[in-house]
Amino acid sequence: MSDAKNTTPSNGSPGDVDEIFVEHPFRQFVVMYMRNYAAVAGLFVFVLIVGAALFAPLILDLDPFEMVDAPLLRPGEGGHLLGTDNLGRDLFVAIIYGARVTMAVGGAAAGITLVIGLTIGAMAGYYRGWVDEVLMRITEFFQVLPPLLLAMVLVALFSPTLETVAIAIGVVSWTGVARLARAEFLRLREQEFVKAARSIGARDRRIIWLVIMPNALPPLIVNAALTVGIAILFEAALSFLGLSDPNVMSWGKLIGDNRDYLLDAPWTITFPGVAIFLTVLSMSLIGDGLTDAFNPKLRER
Amino acid sequence: MAETLLKVEDLAVEFDTRDGVAKVIDNLNIKLDAGETLGIVGESGCGKSMTALSIMGLVPIPPGRIAGGRILLDGEDLLEASEARMRQVRGNEISMIFQEPMTSLNPVYSIGNQIAETARLHEGLSRADAHQRALEMLVAVGIPAAEQRINEFPHQMSGGMRQRVMIAMALACQPRVLIADEPTTALDVTVQAQIFDLLNDLKDRTGTAIIMITHDMGAIAEMAQRVVVMYAGRIVEQADVDQILTDPRHPYTQGLIRCVPHLTQNPTVERPPLLEIPGVVPPLTHLGTGCPFAPRCQYADAQCRAEMPPSKPIDDDHAVACWLTERETAA
Amino acid sequence: MQFLTVVIRRSLYAFLLLLAVIVFNYTLLSMVPGDIAETIAGESGGASAELMAEIRRSYGLDQPFYVQLFGYVGRVLQGDLGSSYYFNVPVLDLILGRLGPTLLLVITALLLAIFTGTLFGVIAAQRPNGIFSHFITILALIGFSAPVFWTAFLLIILFVSMVQIMPLSGLADPLTESGTWQWYLDVAHHLILPVVSLSSIYLAQYSRLARASMMDILGSDYIRTARAKGLGQRVIIYKHALRNAVIPVITIAGLQFSHIFSGAVVIETVFSWPGLGTLAFESILRGDTPTIMGILFFSAFVVIVFNLLTDLAYRIVDPRIRHSGTA
């Protein structure tokens, strides 16, 4: 990154760096990641949210849709940590349960995005020529359609289930991954070790997945973290607009359900939003940390 | 003897680096007479480009720092001058051209625009007059079909043509000093010769004094009247070009000349093998007290490693900083 | 001459892209399980028999697929996007009536993001480790992570509810007479919050991008040349560096236009802004499929036209591309 250009001395002494380079690559990776405090905080938040999503139903044996108290109680009132929403549902419980959907749909959508993007990008970059030409035209085509609008249309035309939502998000957001993967493959396919593999008669499929892909992974992994963040934002927007499964609690839906009470009960909007914000923020901080960990030399910014 | 135009006295420049303070220039003294060409030679990292930037007032501060000395242009100390005054000097009284013609021109403006900009800035010419000046300059530096090419953009020209444009830009306000920092290093050999001819020709016509910075003794032989040899931020030898080529005293100068094949005096006699100077320029943060060249010098002894040799004149206009010559002349 | 060839070639390509969008739309419709006439009508079993018959006839549903497709493409190219099931007026008229507010919102937000973002980046680049630089890094993180509708709601809480200086929603106060200067002023007032919320993401991204490219440029050889000419800092930055720093920002902005358009859909529903986004959202709730598909097509059309314009603008800013004649 051009940000790396810097003339001031680093805060770490040169001794530290030497020490790191003789260590095992994985330890070096962990050490470099841990040096980025923001990334460590991001990882912590992420683990916390995933933990809440996984285990909350075991601890908090409650129904997020249940009307437990009077509507629009302020945070703390009636023993509800974050208050209640317009239907008298406990916001804290709803947010904890919402994490499940957000994480599951966001994760699945990001997975679909990566599979489509990697396959198309890898093929375009590896085969070049007319394959590249065709696949890139398709990519450009998908870049022309406003992604959220297309996702809305897909969910509306088919059915508003979690599966449709995940697939719709995957279908509208793979173009960036494809471009990145293509660029990496175009670069790597000319490298000596790829030529070597080809010279001993390795098949294309083997070269693509076992020779080039592992080397293309670092930028793609960083991108995957951001992809999850973006997928979560898409899910939030769709469920905010009411285009998701109405029987499942999610953060976007919570905001959408309470939007008319914005001025009277701002907490019903603020807290679910904070949850989305923190989750996506943690993904992008993790992405930054991974960038540092993969490129120890680019550390100074 | 012509009058002295530019004089650098006891210049010292330091840089803060991760490994400590680097003395990139130390105790530098040079003078430039009106109308002459002074060559500054040395390997990369020896401080020759930094000398040029110091004269231009373009040392990046921080991390750089002018640690002492004076740079006198007609008696005016440029190190004391205000930034506003330095802007008047740059491009007007002292101009500079760079090593990389491919990247030294702004890609989004036409070359005519970039040359005219200098003239408008320093001489307050109108748009039309500045355009006319740019055209004249392009003709002067030998660009064919200048009327058409004046509206072209840098990416439409070859490296040699771009360097001509750089020269046209540098000379647009008839500066008294032109600093050429490795002007031909990035160019083809045949183009190099053309650029040398052009610079010599322009110098004869305009009387602009030239400071020619290079690592190439061949270029020095073509261009310079006097030569300064720098090593690790210090001057190790200075003399007339003939003396340097025929009678180099410092082992480093001798090494540089041995690196160039066609400069050997008598091709018929047995030629010494082409040599390179072993080793590299030491890190400027850890120079120690001795002669900086000592670690690479085949003649180095205990004194060389312990003490810095002073610059001693051994002849009219020929000075060397080496214990070896010091002892020879003393003996 | 060369420029003209490029314009023609790009326009032709844009047209083909548009054709592809139409084909895609129709394929999408026919992929929906169930009776396509019902899909187009928007309600299974709920539409009147006449409407169903009308749809079957006008879409030629008894014909083979490719004949139907050709018919559809032909109609769309003639500007016939069908009739809204809900309003019972031509979809195109409906869309054109809503286009103005959307373009006003999107273009204002985009220009704000590009100008402010570049300016922020330029200021930050001059002190790479200064407070402002750190501010931009943090701003970029926040801009990326905050859902756009949430940002909008926070702004409403702040500037409508707490400090009451902004209107809550709509294009203008319905009591102001349309066309008067007070009305324009009122529209501008109503525009502020939607524009700020929409541009916040991009503003943050462009600041970071401009900062990075500006730092690269300030270390480049031609900036050193400009200094050696005796130019002042301001001329160096705003004439020589800025124009180069804007190039990557324009490139990214062009690529992201469809995203900004998407963001507008959400922002419009938050602020009840009477544009295409609100129409799309309401049409989805009403099951008004012809209108939904019309908006999808028309949005792609706007994006394609905009990409074409960016491409040409790009050639004007960057002479290297102007002369290469490709891409």
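None of the values given here were measured: they were computed from a predicted structure. (Residues numbered from 1 in each chain as written. Chains lettered and ligands numbered in written order. Predicted model: local features only at pLDDT ≥ 70, side-chain atom pairs only at ≥ 80, totals over all residues. Heavy atoms only, no water.)

A.B. asks: Break down the overall build of chain B for me, citing the residues and quoting the values.
C.D. replies: When helices and strands are tallied, chain B shows 12 helices and 12 strands. Referenced to the eigenvectors of the C-alpha coordinate spread, the extents of chain B come out at roughly 65 × 50 × 40 Å. In chain B, which comprises 331 residues, the proportion classed as buried is 55%. Residue pairs in contact within chain B that sit at least 24 positions apart in sequence constitute 64% of those at least 6 positions apart. Total accessible area on chain B is roughly 14300 Å²; 51% of this is exposed by carbon and sulfur atoms. (Helix = DSSP H or I, 4+ residues; strand = E, 2+ residues; numbered from the N terminus. Buried < 20%, exposed > 50% of the residue type's maximum accessible area, 1.4 Å probe, protein only. Contact = heavy atoms within 4.5 Å. Areas by Shrake-Rupley, 256 points an atom, 1.4 Å probe, with all protein chains shown as cover.)

A.B. asks: Tell me about the sheet that holds strand β5 (residues 76-77) of chain B, and please be specific about residues and values.
C.D. replies: Residue and element names in this part refer to chain B. Strand order in the open sheet made by the 4 strands is β2-β1-β4-β5, with antiparallel pairing throughout. Strands with a single pairing partner mark the edges of an open sheet, and in this sheet they are β2 (20-33) and β5. Taken together, the 2 bridges between strand β4 (residues 64-73) and β5 define a ladder with antiparallel strand orientation. Within β5, the position partnered with L73 by the bridge is E76. (Pairing = 2+ DSSP bridges.)

A.B. asks: Describe in detail the pattern of salt bridges, supporting the description with residues and values.
C.D. replies: Residues and elements named next belong to chain B. What the rule picks out here adds up to 30 salt bridges over all chains. Residue K7 pairs with E9 through a salt bridge whose shortest N-O separation is 3.8 Å. A cluster of three or more residues bridged by salt bridges with shared partners is formed by D74, E76, R85, E93 and R176. (Salt bridge = Lys/Arg side-chain N within 4 Å of Asp/Glu carboxyl O.)

A.B. asks: I'd like a description of the confidence of the model for chain A, backed by residues and values.
C.D. replies: All names here are of chain A. Here chain A averages 81 in pLDDT, while 86% of its residues score no lower than 70. Within chain A, helix α1 (residues 14-21) has the poorest average pLDDT of any element, 45, and helix α7 (residues 162-173) the best, 91. Note on residues 1-20: pLDDT is under 50 here. Beyond four places in sequence and across chains, it has 27 contacts. (pLDDT = per-residue confidence, 0-100.)

A.B. asks: Can you explain the nonpolar core? Please cite residues and give values.
C.D. replies: If you look at the biggest cluster of nonpolar residues, it comprises 146 residues, and the most contacted ones within it are L150(A), M152(A), L238(A), I276(A), F149(C), F153(C) and Y206(C). Considering every element that reaches this core, the biggest residue donor is helix α12 (residues 267-294) of chain A, with 12 residues. Two domains each put at least three residues into this core: domain 1 (2-77) and domain 2 (99-322) of chain C. Ignoring sequence-local partners within four residues, the contact set of M152(A) consists of L238(A), L241(A), L243(A), V265(C), F281(C) and I284(C). Counting residues in each nonpolar core, the second largest holds 102 residues, with V13(B), A146(B), A172(B) and V228(B) among its members. (Core = buried A, V, L, I, M, F, W, Y, C linked by side-chain atoms within 4.5 Å. Domains from an automatic or database assignment.)

A.B. asks: For the interface of chain C and chain A, give the residues involved together with the corresponding values.
C.D. replies: Taken together, the 53 residues of chain C in the interface contact 49 residues of chain A. Summed over both partners, the interface of chain C with chain A buries about 4600 Å², with 77% contributed by carbon and sulfur atoms. For chain C, the biggest contributors to the area lost against chain A are F144(C), F149(C) and W150(C); these three give 14% of the whole. Summed over the shared surface of chain C and chain A, the number is 0 salt bridges. Our count for the contact surface shared by chain C and chain A stands at 7 residue pairs in polar contact (both at pLDDT 80 or more). Among the elements of the structure, α1 (2-31), α6 (131-145), α7 (148-162), α8 (181-218), α10 (233-271), α11 (276-286) and α12 (289-317) of chain C are those that each provide at least two residues to the side of chain C that touches chain A. Among the elements that line the side of chain C that touches chain A, the one with the most residues is α12(C), at 10 residues. (Buried area = accessible area lost by both parts, 1.4 Å probe. Polar contact = N/O pair within 3.5 Å; in protein donor to acceptor, adjacent residues only side chain to side chain.)

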